[in-house]
Amino acid sequence: MESRIEEHQLSDREFKCICDLVYNDAGIVLTESKREMVYRRLMRRTRELKISSFSEYCGLINTPDSEELPHFINAITTNLTSFFREPHHFDYLRDQFIPQHLKAFRSDSKLRIWSSACSTGEEPYTLAITVKQAMASYLRKWDVRILATDLDTNVLKTAAQGIYEYDGIKDLSDEVKRDGFNKGIGNCEGLVKVKTSLADLISFKQLNLLRAWPMKGPFDAILCRNVLIYFDKDTQLGLLKRFVEILRPGGVIILGHSESVAKSFPGLNSIGRTIYQKVCTYH
Ligand SMILES: C[S@@+](CC[C@H](N)C(=O)[O-])C[C@H]1O[C@@H](n2cnc3c(N)ncnc32)[C@H](O)[C@@H]1O
């Protein structure tokens, strides 16, 4: 059976069906250069389902209310992430943004951050570590919440568990390792678990950025890092517009290293490396 699947070709028609579905559902643009990746990932999925052809698989995902569709999307998404990825963003939040926020919003005593494509959780947990570093003594009195969302239900399960290979944190400072993680022992040797005091700051939810957002906001800071690159220009611009709407004036949106906002984009000023601030308006 397996060798028959191995031999099976992904035809142009099937590849197009897959590209159209991923674009319509998740906004992700797949080009010819991704064909090999798509083949490998879906081959795995067809093996799990004991399906012998891609045309059969396309039939399965191309029906209204297909139960396979979320699994298909999970298989296609790229979830690469790490703790303190692009560390200058967290330096900025810890040393500039949060101290300024603490002064300006003393009476509200509220901080809302959204990690909008959180993958397996390293980004929101890094945010929680950063928040703790910047405002540990305020945390009891302040209402601090980090919302962490992703389209992919598999990565969200890992994120909510907060359990990682020690390798993923080995390069972090001793202080962060000590304050942020408990080391596994016995069966869990080689693993670490994020401390409850950090995990308690975060709510994990499934959310497709392209669909309606159930939350009202406003957010003080939004991270949308290394996901815009998978979308086309129109989708990127539409999303940026919605991010601006849900940010408070003076709030920031932080993008990934290869993503940017055009100078002419209304409502945002560049204030650092892929950091943009919503302009303040006065009445
Ligand atoms: C490369 S990871 C980036 C993770 C993290 N932000 C970082 O920079 O390390 C991209 C994530 O975007 C998610 N994603 C892709 N399309 C999405 C969509 N339409 N809505 C929400 N998340 C999406 C993927 O599931 C994946 O976990």
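What you see is a predicted model; the values in this text were computed from it and never measured.

Trainee: Quick one: what's the story with the sheet that holds strand 7 (residues 219-224), residue by residue and with numbers?
Mentor: The sheet built from seven strands is open, its strands ordered 6-2-1-7-8-10-9 with mixed pairing. Only two strands of the sheet have a single partner each, and these edge strands are strand 6 (202-206) and strand 9 (268-272). Taken over all neighbouring pairs, the strand axes of this sheet differ in orientation by 20 degrees on average, direction set aside. Each of strand 1 (110-115), strand 7, strand 8 (247-255), strand 9 and strand 10 (275-278) touches helix 6 (residues 87-104); the most contacted strand, strand 8, lies at about 170 degrees to it.

Trainee: How would you explain the sheet that holds strand 4 (residues 181-183) if you had to name every residue and give the values?
Mentor: Taken in spatial order, the three strands make up an open sheet running 3-5-4, and their pairing is antiparallel. Among the strands making up the open sheet, the edge pair consists of strand 3 (163-165) and strand 4. Strand-to-strand twist across the sheet, computed as the mean angle between neighbouring axes with direction ignored, equals 35 degrees. Where strand 3 meets strand 5 (residues 191-194), three bridges bridge the pair, whose relative direction is antiparallel. Note on strand 5: the bridge partner recorded for Glu165 is Leu191.

Trainee: Lay out the packing of aromatic side chains with the relevant residues and their values.
Mentor: Counting across every chain of the model gives 13 aromatic pairs. Connected via pairs of aromatic rings, a cluster forms that spans Phe83, Tyr125, Tyr164, Phe181 and Phe204. Sitting over the ring of Trp213, Arg242 keeps its end group 4.0 Å from the ring centre.

Trainee: Got a sec to walk through the environment of Val227? Specific residues and values, please.
Mentor: Secondary-structure assignment places Val227 in the loop between strand 7 and helix 11 (233-246). Residues Val227 and Ser11, spaced 216 residues apart in sequence, show a C-alpha to C-alpha distance of 28 Å. Ignoring anything within four residues of it in the chain, the contact list for Val227 reads Ala117, Leu209 and Glu259.

Trainee: How would you summarise helix 3 (residues 35-49) if you had to cite specific residues and measurements?
Mentor: Here helix 3 is 15 residues long and its end C-alpha atoms lie 21 Å apart, about the 21 Å a rise of 1.5 Å per residue gives. Every buried residue of helix 3 is listed here: Arg35, Met37, Val38, Tyr39, Arg41, Leu42, Met43, Arg45 and Thr46. Looking one or two places after helix 3, you find Lys50, whose phi comes out positive at around 55 degrees.

Trainee: Outline unusual backbone geometry, supporting the account with residue identities and numerical values.
Mentor: Omega for the peptide link from Gly217 to Pro218 comes to 0 degrees, which places this bond in the cis form. Inspection of the secondary structure puts Pro218 in the loop between strand 6 and strand 7. Here the phi dihedral of Ser119 falls at roughly 50 degrees; this positive angle occurs in a residue that is not glycine. By the secondary structure assignment, Ser119 is in the loop between strand 1 and helix 7 (122-135). For Asn226, which is not glycine, the phi torsion reads 60 degrees and is therefore positive. Residue placement: Asn226 occurs in the loop between strand 7 and helix 11. Given a relative accessible area of 12%, Asn226 falls into the buried group.

Trainee: So what about the nonpolar core? Which residues, and what values?
Mentor: Among the nonpolar cores identified, the biggest contains 51 residues, and Phe72, Trp114 and Ile253 are the most heavily contacted of them. Among the secondary structure elements, those contributing two or more residues to this core are helix 2 (12-26), helix 3, helix 4 (54-61), helix 5 (69-76), strand 7, helix 11 and strand 8. Residues within four places of Trp114 in sequence aside, it is in contact with Leu147, Thr149, Leu207, Leu209, Trp213, Met215, Phe219, Ala221, Ile222, Leu223, Phe243 and Ile246.

Trainee: Tell me about the pattern of salt bridges, and please be specific about residues and values.
Mentor: If you walk through the whole model with that rule in mind, you get 14 salt bridges. Residue Glu48 is joined to Arg45 by a salt bridge in which the shortest nitrogen-to-oxygen separation is 2.7 Å. Separated by three residues within a single helix, Glu48 and Arg45 lie in helix 3, roughly one turn from each other. The salt bridge involving Lys170 is made with Asp171; its shortest N-O contact spans 3.9 Å. Overlapping salt bridges bring together Asp12, Glu32 and Arg35 as one network.

Trainee: Tell me what's going on with helix 2, and back it up with residues and numbers.
Mentor: The end-to-end C-alpha separation of helix 2 is 21 Å, in line with the 21 Å expected for 15 residues at 1.5 Å each. Buried residues along helix 2 sit in contact with helix 3, helix 4 and helix 5. Downstream of helix 2 by a residue or two, Gly27 has a phi angle that is positive, lying close to 80 degrees.

Trainee: Break down the packing of helix 2 against helix 4 for me, citing the residues and quoting the values.
Mentor: Running from N to C, helix 2 and helix 4 point in directions that differ by 25 degrees, and their axes come no closer than 10 Å. By the angle class used here, helix 2 and helix 4 are roughly parallel. When the axes of helix 2 and helix 4 are compared, the crossing they make is left-handed. Counted together, Glu14, Cys17, Ile18 and Leu21 of helix 2 and Phe54, Ser55, Cys58 and Ile61 of helix 4 form the full contact between these two elements. When its residues are assigned to classes, the contact of helix 2 with helix 4 shows six nonpolar, one polar and one charged.

The rules behind the values
- Residues numbered from 1 in each chain as written.
- Predicted model: local features only at pLDDT ≥ 70, side-chain atom pairs only at ≥ 80, totals over all residues.
- Heavy atoms only, no water.
- Pairing = 2+ DSSP bridges.
- Helix = DSSP H or I, 4+ residues; strand = E, 2+ residues; numbered from the N terminus.
- Axes fitted to C-alpha atoms, helices over the stretch in contact; angles between N-to-C directions.
- Contact = heavy atoms within 4.5 Å.
- Phe/Tyr/Trp six-rings, centres within 6.5 Å; stacked < 30°, edge-to-face > 60°.
- Lys NZ or Arg CZ within 6 Å of the ring centre and 35° of its normal.
- Expected span 1.5 Å × (residues − 1).
- Buried < 20%, exposed > 50% of the residue type's maximum accessible area, 1.4 Å probe, protein only.
- Core = buried A, V, L, I, M, F, W, Y, C linked by side-chain atoms within 4.5 Å.
- Salt bridge = Lys/Arg side-chain N within 4 Å of Asp/Glu carboxyl O.
- Parallel < 35°, antiparallel > 145°, perpendicular 65-115°, else oblique.
- Left-handed = near helix turned anticlockwise from the far one by under 90°.
- Nonpolar A, V, L, I, M, F, W, Y, C, P; charged D, E, K, R; others polar.

So, to be careful, I would describe these as geometric facts and stop short of saying anything about function.
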